[in-house]
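# Structural characterization, general
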Amino acid sequence: MSELNANPADIAKFYDGASALADKYFGGYQRQGYWYDDSDDATLEEGAGRLTRKVVDTLGLHRGERLLEAGCGTGTASIDIAGAYGVRVTGITISPVEAARSRARAQQSGAAEQTQFEVADYHSLPFADAEFDAVVAFESLFNAYDLEHALREFHRVLRPGGRVAMSEISKTTDASPLKRPFPLAREPMTAESWTKAFESVGFVVEERIQSRRVYVNTGKRHLMHFESVRDQITEEFGAEMTEGIRHGMREAFHLGPEDVTYLILCARKQ
Ligand SMILES: C[S@@+](CC[C@H](N)C(=O)[O-])C[C@H]1O[C@@H](n2cnc3c(N)ncnc32)[C@H](O)[C@@H]1O
């Protein structure tokens, strides 16, 4: 069923490795954050937490609702959301290493009651129809090897009236030279193509936010931060891997807002 030349085992292996770096050096997040401008001195964790709120606020969650986080990394956002919004969160990831780290983090932060973490592939969710009130996916769907199938699964596990929110680095126009972040990922899409993908499986897209700030300001922060911890990363992961990451980050952030935008999209199951 794969649209891409990628399989779940390869993707899991990639994230088994990537999450160690993110946990130790990037505050537990493998994605962008939100800063207003160059004078904004919010830390990496604060910036990422702000973006969590911006995305989750589009869902209009009510206390006690059940939220699925699809592609939960090491659980940082799920735990944050459970505490801030009073919802029960199930986080799933394709990486067994991430699921184990998520559970450990939930125990350490006293959130084990409100959260649960499982290894699962969002193309084939181990949940009943209509089990969730909402689904959220932060920079997770760009890994989908069959996007339509994954979105149909989100639709299936949501109750009627349930909401889904996602955030992704996206192309400003079809002509944008934005490349996939690594070989297993999908080709980046525009806001219009994301909208069509959600609509094609029966969602009604209710909100679309396109931010110039997220990509531009995250790029500056992440590149600067990487240089400040580069020696430590080299010591721990070796020079070759460190140079690979450095190159990847420079590639990822070399474009401007005319080519790249950050998309937050929220849709509802009728
Ligand atoms: C770029 S990371 C983002 C992690 C986290 N959402 C964050 O904001 O830090 C992508 C996440 O998607 C997960 N993922 C990729 N493909 C998946 C799949 N088919 N099913 C479930 N999770 C998947 C990865 O394991 C990883 O946790």
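Please read these numbers as outputs of a predicted model, since none were measured by experiment. (Residues numbered from 1 in each chain as written. Predicted model: local features only at pLDDT ≥ 70, side-chain atom pairs only at ≥ 80, totals over all residues.)

## Structural notes on the site of the ligand
Surveying the vicinity of the ligand reveals 23 residues, the closest of which are Tyr15, Gly71, Gly73, Phe138 and Asn143. For the shell around the ligand, the secondary-structure elements that each account for two or more residues are α1 (8-25) and β2 (88-93). Here the shell around the ligand gets 3 residues from one element, more than from any other, and that element is α1. (Near = placed C-beta within 6 Å. Helix = DSSP H or I, 4+ residues; strand = E, 2+ residues; numbered from the N terminus.)

## Some details on the pairing of β2
For a regular strand, side-chain orientation follows a simple rule: the groups alternate between the two sheet faces. With respect to burial, β2 is a largely interior element, 5 of its 6 residues being buried. Bridge count for strand β1 (residues 66-70) against β2 is 5 bridges, and the pairing is parallel. Bridge pairing links Leu68 to Thr90 in β2. On the question of chirality, the crossover connecting β1 to the parallel β2 by way of helix α3 (residues 76-85) is right-handed. Alignment of β2 against strand β3 (residues 115-119), held across 5 bridges, turns out to be parallel. Pairing of Val89 across the sheet is with Thr115, part of β3. Between the parallel elements β2 and β3, the chain passes through helix α4 (residues 96-108) in a crossover that is right-handed. (Buried ≥ 20, exposed ≤ 12 C-beta atoms within 10 Å, placed from the backbone. Pairing = 2+ DSSP bridges. Right-handed = clockwise from strand over helix to strand, strands pointing away.)

## Let's talk about the environment of Met224
Mapped onto the secondary structure, Met224 falls in helix α7 (residues 213-237). What makes Met224 exposed here is the crowd of 9 C-beta atoms within 10 Å. With 34 residues separating them in the primary sequence, Met224 and Glu258 have C-alpha atoms 22 Å apart.

## Comments concerning the UniProt feature "domain: Methyltransferase type" (unreviewed entry) in the protein
According to UniProt, the positions carrying the feature "domain: Methyltransferase type" (unreviewed entry) are residues 68-165. Taken as a whole, residues 68-165 contains 35% helix and 30% strand, while its terminal C-alpha atoms sit 11 Å from one another. (UniProt positions renumbered as here; feature names shortened; annotations may be inferred.)

## Things to note about the sheet that holds β2
Across the sheet, which stays open at both edges, the 7 strands sit in the order β3-β2-β1-β4-β5-β7-β6 with mixed pairing between neighbours. Bordering the open sheet on either side are β3 and β6 (203-211), each of which pairs with just one other strand. Neighbour-to-neighbour, the strand axes of the sheet open up by a mean angle of 15°, direction not taken into account. Taken together, the 6 bridges between strand β4 (residues 132-138) and strand β5 (residues 158-171) define a ladder with parallel strand orientation. By the bridge assignment, Phe138 is partnered in β5 with Ser167. Across the face of the sheet, α4 comes into contact with β2 and β3 while running at roughly 165° to β3. (Axes fitted to C-alpha atoms, helices over the stretch in contact; angles between N-to-C directions. Contact = placed C-beta atoms within 7 Å.)

## Comments concerning unusual backbone geometry
Backbone geometry places Ala130, a non-glycine residue, at a positive phi of 60°. Structurally, the position occupied by Ala130 is in the loop between β3 and β4. Looking at Ala130, the number of C-beta atoms within 10 Å reads 14, which means it is partly exposed. Of note in the backbone geometry, Glu139 takes a positive phi value of approximately 45° without being a glycine. When you line up the elements, Glu139 lands in the loop between β4 and α5 (147-157).

## Points about the packing of α7 against helix α8 (residues 239-252)
It is at 8 Å that the axes of α7 and α8 come closest, and there the two elements cross at 165°. As the angle between them shows, α7 and α8 are arranged roughly antiparallel. In this structure, the crossing between α7 and α8 has a hand that is right-handed. Contacts between α7 and α8 pair His222, Leu223, Phe226, Arg230, Ile233, Thr234 and Phe237 from the former with Ala239, Met241, Thr242, Arg246 and Met249 from the latter. Grouping the amino acids of the contact of α7 with α8 by side-chain chemistry returns 7 nonpolar, 3 polar and 2 charged. (Parallel < 35°, antiparallel > 145°, perpendicular 65-115°, else oblique. Left-handed = near helix turned anticlockwise from the far one by under 90°. Nonpolar A, V, L, I, M, F, W, Y, C, P; charged D, E, K, R; others polar.)

## What about the nonpolar core?
Core analysis: the biggest nonpolar cluster contains 63 residues, and Leu67, Val135, Val136, Val164, Ala165 and Leu265 have the highest contact counts within it. It is strand β7 (residues 260-269) that provides the largest number of residues to this core, a total of 7 residues. Setting aside residues no more than four positions away along its own chain, Val164 makes contact with Ala134, Val135, Phe154, Leu158, Phe203 and Ala267. (Core = buried A, V, L, I, M, F, W, Y, C linked by C-beta atoms within 7 Å.)

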